[in-house]
Amino acid sequence: MLVSIVLVSIWVLLMFRSGVAEYKYYQAVKTLEPKVWEQLGSPKYFKIPIVFVSPKGSKLLRGISNEIVCEFANKHRQAGILFLAYVAFVLVASIVYFKIA
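Each chain carries its own residue numbering, running from 1 in the written order of its sequence. Per-residue local features are limited, in this predicted model, to residues with pLDDT of at least 70; the limit for side-chain atom pairs, both in listing and counting, is 80 or more; totals at the level of whole chains, interfaces and linings are taken over all residues. Based on all heavy atoms of the structure, the side-chain values leave hydrogens and waters out of the count.

A few points about the overall build of the protein
Here a strand is any run of E in DSSP of at least two residues, a helix any run of H or I of at least four, and the numbering for each starts at the N terminus. A count of helices and strands for the protein gives five helices and zero strands. Written out in order from the N terminus, the α and β elements of the protein read α-α-α-α-α. The C-alpha radius of gyration computed for the protein amounts to 17 Å, which surpasses the reference 13 Å derived for 101 residues by more than 25%, pointing to a less compact arrangement than a globule. Expressed as lengths along the three principal axes of its C-alpha atoms, the size of the protein is roughly 55 × 25 × 25 Å. The buried label goes to any residue with under 20% of its type's maximum accessible area, the exposed label to any with over 50%, and the partly exposed label to all in between, with areas taken from a 1.4 Å probe on protein chains only. Counting the 101 residues in the protein, one finds 24% classified as buried. Carbon and sulfur atoms provide 70% of the accessible area of the protein, an area that totals close to 7700 Å². Averaged over its 12 positive side-chain charges, the protein has a centre that lies 9 Å from the centre of its 5 negative ones. A radius of gyration in this sense is built from C-alpha atoms; the matching globule rule multiplies 2.2 Å by the number of residues raised to 0.38. The Shrake-Rupley method, run with a 1.4 Å probe sphere, supplies the accessible areas, and residue values consider only the shown protein chains as cover. In this tally Asp and Glu are treated as negative and Lys and Arg as positive; neither His nor the chain ends contributes. By convention, the charge on Lys lies at NZ, on Arg at CZ, on Asp at CG and on Glu at CD.

A few points about the packing of helix H1 (residues 2-32) against helix H5 (residues 67-100)
Here an axis means a line fitted to C-alpha atoms, over the contact stretch when the element is a helix, while the angle between two N-to-C directions is reported on a 0 to 180 degree scale. Packing of H1 against H5 leaves a shortest axis separation of 8 Å and a crossing angle of 160 degrees. Considered as vectors, H1 and H5 are oriented roughly antiparallel to each other. As H1 runs across H5, the sense of the crossing is left-handed. Oblique is the label for every angle not falling under 35 degrees (roughly parallel), over 145 degrees (roughly antiparallel), or within 65 to 115 degrees (roughly perpendicular). By definition, any crossing whose near helix is turned counterclockwise from its far helix by less than a right angle is left-handed, and any crossing with a clockwise turn is right-handed.

Some details on H1
An α-helix turns once every 3.6 residues. As a result, residues three or four positions apart point the same way. In this scheme, a helix's expected span is set at 1.5 Å multiplied by one less than its residue total. In this model, H1 (31 residues) spans 44 Å end to end at C-alpha, consistent with the 45 Å of a helix rising 1.5 Å per residue. Within the sequence span of H1, burial applies to Leu14, Ser18, Ala21, Tyr25, Tyr26, Ala28 and Val29. Buried-residue contacts for H1 involve helix H2 (34-39), helix H3 (47-53), helix H4 (55-62) and H5. In what follows, a contact means two residues having at least one pair of non-hydrogen atoms within 4.5 Å.

Structure below.
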């Protein structure tokens with residue numbers, strides 16, 4: 001029981017960290033690169049992630065040269081990779097554990 005509480009707590013913490021990094025990245029693009037933001041269509045709320053991963057949006061975002069925005073993009077990417085790696089690790093460990101047990 002304690003192990004599952006710890007695993008879920010870590011999952012929530014990593015998910016929160018990833019969400020904050022994503023929000024900061026979106027806000028950095030919105031405030032520091034307003035021309036790019038307008039080219040993306042000035043997305044609102046739930047449309048923002050969709051626009052950022054679309055082919056057109058990805059191409060526009062790769063062209064950003066502002067160092068602060070690039071730093072937020074890297075932090076967003078690192079947080080997402082860490083979150084997904086944790087989820088994959090827990091799934092694999094769970095499968096192995098339940099196969100052995």
